[in-house]
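# Chains, contacts and geometry: an overview
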Amino acid sequence: MTTTHEVAERPISGPSEPDATPGRPAPHPAAPRAGHTAQHAASAEPAAEAARTTRVRPARGSGRGTAPAQRPVRTVDTDAVGSATALLDAYPAGDARFFASPTRTLLTHGVRAEVPHDARPLPERVAATLAEQAGAGDQAPLVVGAVPFDHTAPAALAVPDAVQWAPPLAQDPLIALPAAAPEAAGWSVRPVPEPAAYGAAVAAAVARMRRGEFSKVVLARTLELTSPDDLDLPAMVQRLARRDPRGYTFAVPAGAGRTLLGASPELLVSRRGGQLVANPLAGSTPRSADLAEDVRRAAALLESEKDLHEHAVVVDAVRAALAPYCASLHVPERPTLVRTAAMWHLSTTVTGELAERDGRAASALELACTLHPTPAVCGTPTDLAREVIGDLEPFDRGLYTGMVGWEDASGDGEWVVTIRCAEAERRTLRLYAGAGVVAASTPEAETAETGAKFQTFLHAVGVDQ
């Protein structure tokens, strides 16, 4: 029997010590046991974790060290139907940041401070920014945003002015209501590179792997969509979230009038207290509208030698990266399956207990930076795979295949892999999709896989391709 679990069944971290701070989400329950089937998903749903809350940050002080007056925290009934979808409905684009995971929904407004770009490691810069805000009177500072594929490039991370939490979208009955269908926009679509050129890049990479130069590379391609009208980003986020409410939906500013939005299936890492969870995905196949064919594809993926090898490479890298930070680490021997509306993916849920170094455990972002980029989005060996990507991809990935998420001052947080996404700017969308290329890959199969992955976003904008 094919063993599956929903994306929602992954244990995800949340803000630390939620009972100690008004308006913080309550602890999530224990993770479901490995081997749960999809039909058990409903019974494995976590209980409602949080009130819908609004934290209005204190007014800025007149100078360093000045403690501004505190404003009260407003808490709304934890059992209120519609509290999660209310945050989804309230997303206005602009400087707002929206992030929904299988255990919570987050909406922020405004910018209190931006994480600087300098020579310090990113986790150190984030920790310093959060400490500064705590020192200025913020009782629960939070960083939200995105980190690029290139770790030397500037990150788009900020401490917001106002923060609202709610339970997960999947628990909200109102999420079942369909989003409004996209209006006919008259999109023009330009692939970069053309499918034939992408296939040639895959063939070139395969030839090098068969010569023994490297083991795997992830090659991506893009679609540039242009509309005659300005983009309706809140409507796109609605369609993304309502199509896959058990996954990770996000929309965050990407700098210079751009917005990064998408619906990722993949948790890079989360931390809650001394516990970590990572959920690498690698090895994929498109879903089918025909139930029998869909089941056949899922079963075939679990037995695919090529995909199992690709997945094992990623899991081994995750194990090696996390082990030095852990007192214990559990890695299942075989992958299971997760499904989105468009794809089946091989999945392994890695859990661990963090070890303390010099009296502290690694933060969620430290763990994420240790993992990033995994072979699932880059390849192996990492440095050589980066070079191959630079040689064969005719565009800058930017935030694509980076990570998006949040972290609090305790070091708790969750970071997901930035895939199934697009960058939006006025009337233009750039969609991204990639495929893991190994020695057994074919140009036709990888081109088809990237085409299937584009469907998540194409559905959100009403493009039939």
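Report on the accompanying structure. Please read all numbers here as calculations on a predicted model, not as lab measurements. (Residues numbered from 1 in each chain as written. Predicted model: local features only at pLDDT ≥ 70, side-chain atom pairs only at ≥ 80, totals over all residues. Heavy atoms only, no water.)

### Considerations on the overall build of the protein chain
The criterion, for reference: Helix and strand assignments follow DSSP, with helices taken as H or I runs no shorter than four residues and strands as E runs no shorter than two, numbered in order from the N terminus. Burial classes follow relative accessibility: with a 1.4 Å probe on protein chains only, a residue under 20% of its type's maximum area counts as buried, one over 50% as exposed, and anything between as partly exposed. Contacts: residue pairs with any heavy atoms within 4.5 Å of one another. Areas reported here follow the Shrake-Rupley algorithm with a probe of radius 1.4 Å; residue values treat only the protein chains shown as occluding.
The helix and strand tally for the protein chain stands at ten helices and 24 strands. Burial analysis of the protein chain (465 residues in total) assigns 56% to the buried set. In the protein chain, the share of contacts with a sequence separation of at least 24, taken over all contacts with a separation of at least 6, comes to 75%. Total accessible area on the protein chain is roughly 18500 Å²; 52% of this is exposed by carbon and sulfur atoms.

### A short note on a nonpolar patch on the surface
For clarity, the cut-off: Without a salt bridge and with relative accessible area above 30%, a residue can belong to a patch; like charges are then joined within 9 Å and nonpolar side chains (Val, Leu, Ile, Met, Phe, Trp, Tyr) within 5 Å. Only one rule defines a salt bridge in this text: a Lys or Arg side-chain nitrogen within 4 Å of an Asp or Glu carboxyl oxygen.
A surface patch of nonpolar side chains, about 280 Å² in accessible area, is lined by Val81, Leu174 and Leu177. Within the fold, Val81 resides in the loop between β2 (74-75) and α2 (83-90). You can call Val81 exposed: its relative accessible area is 61%.

### Describing the sheet that holds strand β18 (residues 343-347)
For clarity, the threshold we go by: At least two DSSP bridges between two strands are required for those strands to pair. In this description, a line fitted to the C-alpha atoms serves as the axis of each element, helices being fitted only across the stretch in contact, and the angle between N-to-C directions of two axes falls anywhere from 0 to 180 degrees.
Spatially, the three strands line up as an open sheet ordered β15-β18-β17, and their pairing is antiparallel. Each edge of the open sheet carries a strand with a single partner, namely β15 (281-286) and β17 (336-339). Neighbour to neighbour, the strand axes of the sheet diverge by 30 degrees on average, direction disregarded. As paired strands, β17 and β18 are joined by four bridges and run antiparallel to one another. Paired with Val338 across the bridge in β18 is His345. Helix-sheet contacts for helix α6 (residues 291-303) involve β15, β17 and β18, and the interaxial angle to β18 is about 25 degrees.

### Quick word on the sheet that holds strand β21 (residues 403-408)
Here we have nine strands laid out as an open sheet, ordered β5-β7-β6-β21-β22-β13-β14-β19-β16, and antiparallel in their pairing. Both outer strands of the open sheet, β5 (113-114) and β16 (326-330), are each paired with one neighbouring strand and no more. Examined bridge by bridge, strand β13 (residues 267-272) and strand β14 (residues 275-278) share three bridges and lie antiparallel to one another. Opposite Arg272, over in β14, you have Gln275 as the bridge partner. Running over the sheet, helix α3 (residues 122-135) touches β5, β6 (142-147), β7 (156-159) and β21 and is turned about 20 degrees from β7.

### Focus: the pairing of β7
Residues Ala156 and Ala158 point to one face of β7 and Leu157 and Val159 to the other, with burial holding for every one of them. For β5 and β7, the ladder comprises two bridges, and the chain directions are antiparallel. Of the residues in β7, the one forming a bridge with Ala113 is Val159. Two elements, β6 and β7, share three bridges in a ladder whose sense is antiparallel.

### Focus on empty space enclosed by the protein
For clarity, the threshold we go by: With a 1 Å grid laid over protein atoms only, a set of points is called a cavity when a 1.4 Å probe fits there but cannot get out and a pocket when it is open yet has protein on both sides within 12 Å along at least five of seven lines; lining residues have an atom within 4 Å of a point. Grid points are joined across faces, edges and corners, and a volume is the space filled by probe spheres set on the points. Under this grouping Gly is polar, as are all residues other than the nonpolar Ala, Val, Leu, Ile, Met, Phe, Trp, Tyr, Cys and Pro and the charged Asp, Glu, Lys and Arg.
One pass over the full model with this rule turns up six cavities of 30 Å³ or more. In this structure, the largest cavity encloses a volume near 220 Å³. Along its surface, the largest cavity is lined by 21 residues, and Ala376, Ile419, Arg420, Gly434 and Lys453 are the ones closest to its centre. Contributing elements (two or more residues each) for the lining of the largest cavity: β15, β24 (428-437) and α10 (443-461). A total of five residues in the lining of the largest cavity trace back to one element, the largest contributor, which is β24. Class assignment for the residues of the lining of the largest cavity results in ten nonpolar, six polar and five charged.

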